[in-house]
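Examination of the molecular architecture
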Amino acid sequence: MFLKKKMAPIYLSEFHHFMYGGMRGIKGLVCETSVLDPDEGIRFRGLSIPECQKVLPKAPGWDTVFPQMPWTLFAVAPQLAQCGGQEPLPEGLFWLLITGDVPTKAQVDALSREWANRAALPSHVVTMLNNMPTTLHPMSQLSCAVTALNHESKFAKAYAEGVHKSKYWEYVYEDSMDLIAKLPVVAATIYRNTYRDGKGIGAIDPKKDWSANFTKMLGYEDEKFTELMRLYLTIHSDHEGGNVSAHTVHLVGSALSDPYLSFAAGMNGLAGPLHGLANQEVLVWIQKLRKELGDNASEDKVKDFIWKTLKSGQVVPGYGHAVLRKTDPRYTCQREFALKHLPNDVLFGLVSNIYKVVPPILTELGKVKNPWPNVDAHSGVLLQYYGLKEMNYYTVLFGVSRALGVLASLVWDRALGLPIERPKSMSTDGLIKATSK
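Residues numbered from 1 in each chain as written. Predicted model: local features only at pLDDT ≥ 70, side-chain atom pairs only at ≥ 80, totals over all residues. Heavy atoms only, no water.

Examining the overall build of the protein chain
Convention followed: Helical segments are the DSSP runs of H or I of at least four residues, strand segments are the runs of E of at least two, and each set is numbered from the N terminus. Each residue's exposure class comes from its accessible area (1.4 Å probe, protein chains only) as a fraction of the maximum for that residue type: buried when under 20%, exposed when over 50%, partly exposed otherwise. Contacts are assigned to residue pairs with any non-hydrogen atoms lying within 4.5 Å of each other. Using the Shrake-Rupley algorithm and a 1.4 Å probe, accessible areas are obtained, with residue cover drawn only from the displayed protein chains.
Check the secondary structure of the protein chain and you find 23 helices and three strands. Relative to its full complement of 437 residues, the protein chain shows a buried share of 50%. If you take every contact in the protein chain between residues at least 6 apart in sequence, the share linking residues at least 24 apart comes to 77%. For the protein chain, the accessible area works out to roughly 20700 Å², and carbon and sulfur atoms hold 57% of it.

Here it is, written out as structure tokens:
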């Protein structure tokens, strides 16, 4: 009550909107890797998601792996020719973010091999992961393991030895390459220990791409699931610099903390329910809807459920975004994947009905700037379909993907010589004085 009375004089001030509103919309960061346009959506180095899907290299299909196979076989079963090669490889997206150039297939293959060669975990990290209680949240396990990997930091060692600041970026790049290579191993170990039998994840195959090795270590053999992970790991990688995980990595890195410490901090932010945990909340809500309405709910029944949710003071999870003012392109490409591979799935049907009825209802309410779905409205349903049902683990997948963007940005932060981030803050008294002039 005291604070409310104290703030009364500044309620109508622009300062109130910006400073007490999470600084939304204030341009105060440099991010080289991606730009989020309210109407267009995300662009990675100028390329939209559909453009990335078109130009980034893909895993080879059977017609590439076995070029001598009779063409008549592909004529009878054309899906064989497409097998494994429909979605962009995350390696290509990382190359694009780091260099600004679309890589060749040979360059992407070389990056896949490089990450495979760097993937082994130090024994102390393996021991740590294997001794963590299975009741510890997977994101906490991820954060602990990444922090412990800082023991291997090439940047920290070079800094301690007095390397010139013009060389910082080279060691940050080396650490980032090592960390990205090891993350699937860390994440798969967490999954196996927490949800499976705890047995070893097996060896990395240098002939497989990053996503294929990851899904194999998780214990999934379905090529379509691997394709989903290639798409998922690509589209969740970066969303410019102002979101919590990206900003946190940038902020902590600006203090010259090494990439391991910086990324671990970003993962602690990603673990929050208003950021990376949101896809889990969406799935819980959809399952609640399904339990109440059944598998074949009509649009009218879904509409009634939505109104009931809103009138009870709750929100529809997965709808709205701090920046976007249209359907999230990351939602759209996941919807296209579902239409192609699981068009008759019950949960996908519910998601589709929700997509039809929610935007008009939120528009009618008039209180939501963006009534359209974001990325979290769809991803959980796809993972459920392929058998990865452990919702507490979903944010770990998000984190593995987000490493590509935030670490590419961190390399550029050091290459550009950006200083430590230190904005000025004000007290409420100071703000009242500033707005009363």
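This is not the end of the story, as more comes after the structure.
Examining the environment of Pro38
Residue position: Pro38 is located in the loop between strand 1 (34-37) and strand 2 (41-44). Taking the C-alpha atoms as reference points, Pro38 and His321, separated by 283 residues in sequence, lie 9.3 Å from one another.

Notes on the UniProt feature "active site" (unreviewed entry) in the protein chain
We apply this condition: UniProt positions are given in the numbering used here, feature names are shortened, and annotations may be inferred rather than shown by experiment.
Under the present numbering, the feature "active site" (unreviewed entry) in UniProt falls on His275, His321 and Asp376. Taking the farthest pair of C-alpha atoms as the criterion, the annotated set spanning 102 residues converges on one region, since that pair is 10.6 Å apart. The residue His275 is located in the loop between helix 16 (259-270) and helix 17 (278-293) in this model. Classification of His275 by relative accessible area gives buried; the value is 15%. Those residues in contact with His275, other than ones at most four positions away along the chain, are Asn243, Val244, Ser245, Gly269, Leu270, Asp376 and Arg402. In this structure, Asp376 sits in helix 21 (residues 376-385). Judged by its relative accessible area of 10%, Asp376 falls in the buried class. Apart from the residues within four sequence positions on either side, Asp376 is in contact with His275, Ala278, Asn279, Val282 and Phe398.

Concerning the packing of aromatic side chains
Note the cut-off: Stacked, tilted and edge-to-face pairs are distinguished by plane angle, under 30 degrees for stacked and over 60 for edge-to-face with tilted covering the rest, among Phe, Tyr and Trp rings (Trp via its six-membered ring) whose centres lie within 6.5 Å.
Scanning all chains against the criterion turns up 15 aromatic pairs. Relative to Phe225, the ring of Tyr220 lies with its centre 4.8 Å away and its plane at 40°, an arrangement referred to as tilted. Per residue, the accessibility class of Tyr220 equals that of Phe225, and both read buried. Members of the aromatic cluster, joined through ring pairs, are Tyr191, Tyr195, Tyr220, Phe225, Phe337, Tyr385, Tyr386 and Tyr393.

Focus: the side chain of Thr226
Examined against the element boundaries, Thr226 turns out to sit in helix 14 (residues 223-235). Discounting chain neighbours no more than four positions away, the residues touching Thr226 are Ser211, Ala212 and Thr215.

Considering the sheet that holds strand 2
Each strand in a sheet pairs with its neighbour through backbone hydrogen bonds, running either in the same direction (parallel) or in the opposite one (antiparallel). Rule in force here: The criterion for strand pairing is that DSSP finds at least two bridges linking the strands in question.
In space, the three strands of this open sheet follow the order 1-2-3, with antiparallel pairing throughout. Edge positions in the open sheet fall to strand 1 and strand 3 (47-48), since each of these has one partner strand only. Bridging between strand 1 and strand 2 involves four bridges; their strand directions are antiparallel. Paired with Asp37 across the strands is Gly41, a residue of strand 2.

Here we look at the nonpolar core
Note the cut-off: Each nonpolar core is a collection of buried residues, namely Ala, Val, Leu, Ile, Met, Phe, Trp, Tyr and Cys, held together in the definition by side-chain atoms within 4.5 Å.
In this structure, Phe214, Leu388 and Tyr393 are the most contacted members of the largest nonpolar core, which totals 108 residues. In terms of residue count, helix 12 (residues 168-195) provides more of this core than any other element does, 13 residues in total.

Focus: the pairing of strand 1
Remark: a regular strand shows side chains that alternate across the two faces of the sheet. Residue alternation in strand 1 divides its side chains into a buried set, Ser34 and Leu36, and an unburied set, Val35 and Asp37. Taking the residues between adjacent antiparallel strands as the criterion, strand 1 and strand 2 are bridged by three residues.

Here we look at the packing of helix 17 against helix 21
Keep this limit in mind: Note on definitions: angles span 0 to 180 degrees between N-to-C directions of axes, and those axes are lines fitted to C-alpha atoms, for helices only across the stretch in contact. Between 65 and 115 degrees an angle is taken as roughly perpendicular, under 35 as roughly parallel, over 145 as roughly antiparallel, and anywhere else as oblique. In the scheme used here, Gly and all other residues not listed as nonpolar or charged are polar, with Ala, Val, Leu, Ile, Met, Phe, Trp, Tyr, Cys and Pro taken as nonpolar and Asp, Glu, Lys and Arg as charged.
Between helix 17 and helix 21, the least distance of the axes is 8 Å, while the angle of their chain directions is 70°. Between helix 17 and helix 21, the crossing angle belongs to the class labelled roughly perpendicular. Residues Ala278, Asn279, Val282, Leu283, Ile286 and Gln287 of helix 17 form the contact with helix 21, whose own contacting residues are Asp376, Ala377, Ser379, Gly380, Val381 and Gln384. Its residues assigned to classes, the contact of helix 17 with helix 21 shows six nonpolar, five polar and one charged.

Some details on helix 10 (residues 138-148)
The buried count for helix 10 comes to eight of 11 residues, which makes it a mostly enclosed element. Residues of helix 10 that are buried: Pro138, Met139, Gln141, Leu142, Ser143, Ala145, Val146 and Ala148. Of the surrounding secondary structure, the elements contacted by the buried residues of helix 10 are helix 9 (123-130), helix 12, helix 16 and helix 22 (394-415).

Some remarks on the pattern of salt bridges
Worth spelling out the cut-off: Criterion for a salt bridge: a side-chain nitrogen of Lys or Arg within 4 Å of a carboxyl oxygen of Asp or Glu.
Applying the stated criterion across every chain, the model contains 17 salt bridges. A salt bridge links Arg118 to Glu114; the nearest nitrogen and oxygen atoms lie 2.7 Å apart. Since its relative accessible area comes to 14%, Arg118 is described here as buried. Among the residues examined, Glu114 registers a relative accessible area of 31% and is labelled partly exposed. One salt bridge connects Arg290 with Asp295, and the closest N-O pair in it is separated by 2.6 Å. Take Arg290: its relative accessible area is 30%, and that puts it in the partly exposed class.

With respect to unusual backbone geometry
Phi is positive for Arg45, which is not a glycine, with a value near 50°. Note on placement: Arg45 falls in the loop between strand 2 and strand 3. Residue Arg45 is classed as partly exposed on the basis of its relative accessible area, which comes to 24%. A positive phi angle is found at Glu240, which is not glycine, with a value near 55°. If you trace the backbone, Glu240 turns up in the loop between helix 14 and helix 15 (244-254).

A closer look at a nonpolar patch on the surface
Quick reminder of the rule: Nonpolar side chains (Val, Leu, Ile, Met, Phe, Trp, Tyr) are joined into patches within 5 Å and like charges within 9 Å, using only residues with over 30% relative accessible area and no salt bridge.
On the surface, Met19, Tyr20 and Met426 cluster together into a nonpolar patch covering about 270 Å² of accessible area. In this structure, Met19 sits in helix 2 (residues 14-19). On the basis of relative accessible area, Met19 is assigned to the partly exposed category, the value being 35%.

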